[in-house]
Amino acid sequence: MLKIDLPRTEILAQMAEEAAELSKAALKLRRVLDGKNPTPVTYQDAKDNLIEELSDIEICAMALDVRPNQRTMKEKIERWKKRLEDRNAET
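**Q** How would you summarise the overall build of the chain if you had to cite specific residues and measurements?
**A** Helices and strands together make up the secondary structure of the chain, namely three helices and zero strands. N-terminal to C-terminal, the α/β element order of the chain is α-α-α. Expected size for 91 residues packed as a compact globule is a radius of gyration near 12 Å; at 17 Å, the chain overshoots this value by more than 25%. With the C-alpha coordinates aligned to their principal axes, the bounding extent of the chain is approximately 55 × 40 × 20 Å. Contacts in the chain between residues at least 24 apart in sequence constitute 62% of all its contacts with a sequence separation of at least 6. Within the structure as shown, the chain displays about 7,400 Å² of accessible surface, and the carbon and sulfur contribution to it stands at 57%. Across the chain, the 17 positively charged side chains and the 18 negatively charged ones have centroids separated by 7 Å.

As C-alpha cells, this is what we get:
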C-alpha cells in the first residue's frame, strides 16, 4: 500500500478526476487514429498522455489499496470476445 497523507475520500475524488482526464485522453487518441475530426496533437503525444493518466489512476488505486479482480477481468474478456465473435458471425 502506498502511504499518502490524505483521507480516502480525497484520494477517491482525485481518482475520479484522473478518470475523467483518462476519458479525455482516450477520446483524443481516438481522434488522432480516426482522422475524421483532425487535431494538432501527434499520435505519440496522445499515447503518452493516455499512459500518464492511466498511471495517475494506478497511483490512486495503490493509495487506496485496491486492485483489479483477476476472475472478473477474465469473465469480462470472455464476454467481450463473445460479442466480437457474434458480431463477426452476423456479417
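**Q** Describe the packing of helix α1 (residues 8-34) against helix α2 (residues 43-64), naming the residues involved and giving the relevant values.
**A** At a minimum axis distance of 8 Å, the contact between α1 and α2 shows a crossing angle of 160°. Considered as vectors, α1 and α2 are oriented roughly antiparallel to each other. Pair α1 / α2 crosses with left-handed handedness. Its residues assigned to classes, the contact of α1 with α2 comprises 19 nonpolar, two polar and six charged.

**Q** Can you tell me about the nonpolar core, naming the residues and giving the values?
**A** Counting residues in hydrophobic clusters, the biggest one holds seven residues: Ile11, Met15, Ile57, Cys60, Ala61, Ala63 and Leu64. Where this core is concerned, the elements lending two or more residues are α1 and α2.

**Q** Outline helix α3 (residues 70-90), supporting the account with residue identities and numerical values.
**A** When the terminal C-alpha atoms of α3 are compared, their 30 Å separation across 21 residues agrees well with the 30 Å that a helix rising 1.5 Å per residue should span. You can read the cap of α3 off the contacts: a side-chain oxygen lies 3.0 Å from the backbone nitrogen of Arg71, and it is on Asn69.

**Q** I'd love a proper account of the pattern of salt bridges, names of residues and values included.
**A** What the rule picks out here adds up to four salt bridges. The partner of Lys82 in a salt bridge is Asp86, and the shortest N-O contact between them spans 3.1 Å. One end of the pair, Lys82, and the other, Asp86, are both in helix α3, four residues apart, so they sit about a helical turn from each other. Overall, the relative accessible area of 46% leaves Lys82 in the partly exposed class.

About the criteria used
Residues numbered from 1 in each chain as written. Predicted model: local features only at pLDDT ≥ 70, side-chain atom pairs only at ≥ 80, totals over all residues. Heavy atoms only, no water. Helix = DSSP H or I, 4+ residues; strand = E, 2+ residues; numbered from the N terminus. Rg over C-alpha atoms; globule rule 2.2 N^0.38 Å. Contact = heavy atoms within 4.5 Å. Areas by Shrake-Rupley, 256 points an atom, 1.4 Å probe, with all protein chains shown as cover. Lys, Arg positive; Asp, Glu negative; His and termini not counted. Charge placed at Lys NZ, Arg CZ, Asp CG, Glu CD. Axes fitted to C-alpha atoms, helices over the stretch in contact; angles between N-to-C directions. Parallel < 35°, antiparallel > 145°, perpendicular 65-115°, else oblique. Left-handed = near helix turned anticlockwise from the far one by under 90°. Nonpolar A, V, L, I, M, F, W, Y, C, P; charged D, E, K, R; others polar. Core = buried A, V, L, I, M, F, W, Y, C linked by side-chain atoms within 4.5 Å. Buried < 20%, exposed > 50% of the residue type's maximum accessible area, 1.4 Å probe, protein only. Expected span 1.5 Å × (residues − 1). Polar contact = N/O pair within 3.5 Å; in protein donor to acceptor, adjacent residues only side chain to side chain. Salt bridge = Lys/Arg side-chain N within 4 Å of Asp/Glu carboxyl O.

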